[in-house]
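Close look at the chain arrangement
One letter stands for each residue in the lines below.
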Amino acid sequence: MSKRAESKAGAVAPPADQTARALRERVKELSCLYRINRIFDDFIGSSDDIYQRVVELIPPAWQYPEVASARITLDARRYATPGFQEGGPTQAADVVVGGKHRGVVEVVYTEPRPSLDEGPFLKDERSLLDAIARQIAVIVEHQEAQQERSRLQKQLMHADRLATIGQLAAGVAHELNEPLSSILGFAQLLQREPGMPEGGKPDLQKIVTASLHAREIIKKLLLFARQTPTFKGPVDLNKVILGAIDLFRHHFEKEEIELLCLLSPEMPLLAADAGQLTQVVVNLVVNAMQAMPGGGRLTIQTQVQEGHVVCVVEDTGVGMTPEVQDRLFMPFFTTKEVNQGTGLGLPVVHGIVAAHGGTIAVRSAPGQGTTFTIRLPLEPVADLENRPES
Ligand code: ADP
Ligand code: MG
């Protein structure tokens, strides 16, 4: 404290005055820290608000508040006091969260001031800025922990809801399957009946077609609810993808969709159901095509990571709002016209991926396109050797 007082004003001021001034500075600094802590303690607003409020507390704690401005930079976000200008004398401290450099806090004098310990700044101001940077790091850490908690909670609730719907759907599907088989079976028998009047034949055909359609929906519901067995054999995911996109080549040309396939050359064999994985790829590709009515780019990537195979399907289409993303895997959720979608594509994808012990994640924003990322665990190939190739 006394050293700092000496360095000010060339040590001309009388000792009592120096002490009083030093004390005033110290009070300013401590109250700055105290107020930052207070903001943090009773904070309930958005995170942008909290950093903006913190940054505004900084300049008054410096020796020349009238020319002091401050800025907090966190990742790519910036919060500054009004009139902040780069280029003047600057004091800065790094914000380090969990050992990782995440940003910086800066105090800038917009006009020159007499030289002190660190440019025009005091040593105590350096300690204060370091303390503020640490405090910001604590806030970042706390907020990220909270975000992670609520993300996990949401995920859990979602999984729970999906499981409940799955059980319900499977129950209904089983119950409907039997009467439906009768309808279909007897309609087909009648079709072959020699005495069938001609006029009734188109009607019978309608019954058969409708029953087949209903059976498809039931099949998908059972797949979603994981009530159909997964036959696991050694499967080359790259081959599955190439097979699936072959079905759409002429569509891609017609719809002006550019296809980019970046398949890992070192794809190991997966313990999987090839038919079901094909269905996964087909569903994602169909959705991507439907999301790009004016053309665009479809990128399909495979990667091999530690113990996992990753498949990424990315489009440059219309994207989705967070509300749509929330309901994506719910059976019958669709934003499409009746004959365009049933809302069963992604629930089926979800069911199949889960049955393979994998996960699916989506990233999307309206107008920005959509990315689906599927991760499937790698089982040791030795476990597969006794199983039939699928
Ligand atoms: P369907 O395609 O029959 O509507 P899905 O389960 O496949 O059912 O998809 C549900 C909804 O998710 C779609 O209606 C659409 O709104 C949205 N969606 C899925 N994939 C995409 C995508 N790639 N881009 C934009 N929206 C998508
Ligand atoms: Mg679909």
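Not measured: the values here are computed from a predicted model. (Residues numbered from 1 in each chain as written. Chains lettered and ligands numbered in written order. Predicted model: local features only at pLDDT ≥ 70, side-chain atom pairs only at ≥ 80, totals over all residues. Heavy atoms only, no water.)

A few points about the overall build of the chain
Formally: Helix numbers and strand numbers start at the N terminus; a helix is a DSSP run of H or I with at least 4 residues, a strand a run of E with at least 2. Computation of the radius of gyration draws on C-alpha atoms alone. For the globule rule, the value is 2.2 Å times the number of residues to the power 0.38. For every residue, the accessible area obtained with a 1.4 Å probe (protein chains only) is divided by the maximum for its type, and the residue is called buried under 20%, exposed over 50%, and partly exposed between those limits. Each accessible area is a Shrake-Rupley estimate made with a 1.4 Å probe; only the visible protein chains count as cover when residues are assessed. His is not counted here, nor are the chain ends, while Lys and Arg score as positive and Asp and Glu score as negative. Every charge is mapped onto a representative atom, which is NZ of Lys, CZ of Arg, CG of Asp or CD of Glu.
Counting its secondary structure elements, the chain contains 10 helices and 11 strands. Against the 2.2 N^0.38 benchmark of 21 Å for 390 residues, the chain shows a C-alpha radius of gyration of 32 Å, more extended than a compact globule. For the chain, the C-alpha atoms occupy an extent of roughly 120 × 40 × 40 Å along the three principal directions. Residues classed as buried in the chain amount to 39% of the 390 residues present. For the chain, the computed accessible surface area is about 21600 Å², with 55% contributed by carbon and sulfur atoms. Charged side chains of the chain number 40 positive and 48 negative; the gap between the two group centres comes to 3 Å.

Some points on the domain arrangement of the chain
Formally: Residue ranges for the domains trace back to a domain assignment, done automatically or taken from a database.
According to the domain assignment, the chain consists of domain 1 (3-147), domain 2 (154-224) and domain 3 (233-386). Of note, the centres of domain 1 and domain 2, computed from C-alpha atoms alone, are 68 Å apart.

With respect to the sheet that holds strand β9 (residues 308-315)
Basically, it comes down to this: Here the rule is simple: two strands pair whenever DSSP picks up at least two bridges between them. Where helices are involved, their axes are fitted lines through C-alpha atoms of the stretch in contact, as for all axes, and angles between N-to-C directions lie from 0 to 180°. By the convention used here, residues are in contact when the closest approach between their heavy atoms is within 4.5 Å.
Ordered in space as β6-β8-β9-β11-β10, the five strands form an open sheet in which the pairing is mixed. Strand pairing shows two members of the sheet lacking a second neighbour, β6 (257-262) and β10 (359-365), which therefore form its edges. Adjacent strand axes in the sheet meet at a mean angle of 10°, parallel and antiparallel pairs treated alike. Examined bridge by bridge, β10 and strand β11 (residues 369-377) share seven bridges and lie antiparallel to one another. In the strand pairing of β11, V362 is matched with F372. Strands in contact with helix α8 (residues 274-290) are β6, β8 (296-305), β9 and β11; relative to β11, the strand with the most contacts, it is inclined by about 170°.

Points about the site of ligand 1
The test is simple: If even one non-hydrogen atom of a residue comes within 4 Å of a molecule or strand, that residue is called near it. Definition of a polar contact: a pair of N or O atoms within 3.5 Å, with one able to donate and the other able to accept a hydrogen when the atoms are protein atoms, and with sequence-neighbouring residues admitted only if both atoms are side-chain atoms. Put simply, Ala, Val, Leu, Ile, Met, Phe, Trp, Tyr, Cys and Pro go in the nonpolar bin, Asp, Glu, Lys and Arg in the charged bin, and everything else, Gly too, in the polar bin.
Surrounding ligand 1, one finds 20 residues, the nearest of these being D315, T334, T335, K336 and L346. Contact between ligand 1 and G345: an oxygen atom at 3.4 Å from a main-chain N or O atom of the residue. L346 places a polar main-chain atom, nitrogen or oxygen, 2.8 Å from an oxygen atom of ligand 1. Bound to the protein, ligand 1 loses 95% of the 530 Å² it would expose on its own. For the shell around ligand 1, the per-class residue count stands at nine nonpolar, nine polar and two charged.

A closer look at the environment of V27
Here V27 is to be found in helix α2 (residues 15-41). Distance from V27 to A61, taken between C-alpha atoms, is 8.6 Å for residues 34 residues apart in sequence.

Looking at the side chain of Q91
Locating Q91 in the fold gives a position in strand β3 (residues 90-97). With a relative accessible area of 0%, Q91 lands in the buried category. Polar contacts involving the side chain of Q91 include one to the side chain of W62, which spans 3.1 Å. Q91 has contacts with W62, V105, E106, V107, E118, F121, L122, E125, R126 and L129, leaving out every residue within four places of it along the chain.

Section: the packing of helix α4 (residues 123-192) against helix α5 (residues 201-224)
The cut-off we apply is this: Angles below 35 degrees are treated as roughly parallel, those above 145 as roughly antiparallel, those between 65 and 115 as roughly perpendicular, and all remaining angles as oblique. Take the far helix as your reference; a near helix turned counterclockwise from it by less than a right angle gives a left-handed crossing, and one turned clockwise gives a right-handed crossing.
Two numbers describe how α4 lies on α5: the axes approach to 8 Å, and their chain directions differ by 155°. Classed by the angle they form, the pair α4 and α5 counts as roughly antiparallel. Our pair here, α4 against α5, has a crossing hand that is left-handed. In the contact of α4 with α5, the residues fall into 20 nonpolar, seven polar and one charged.

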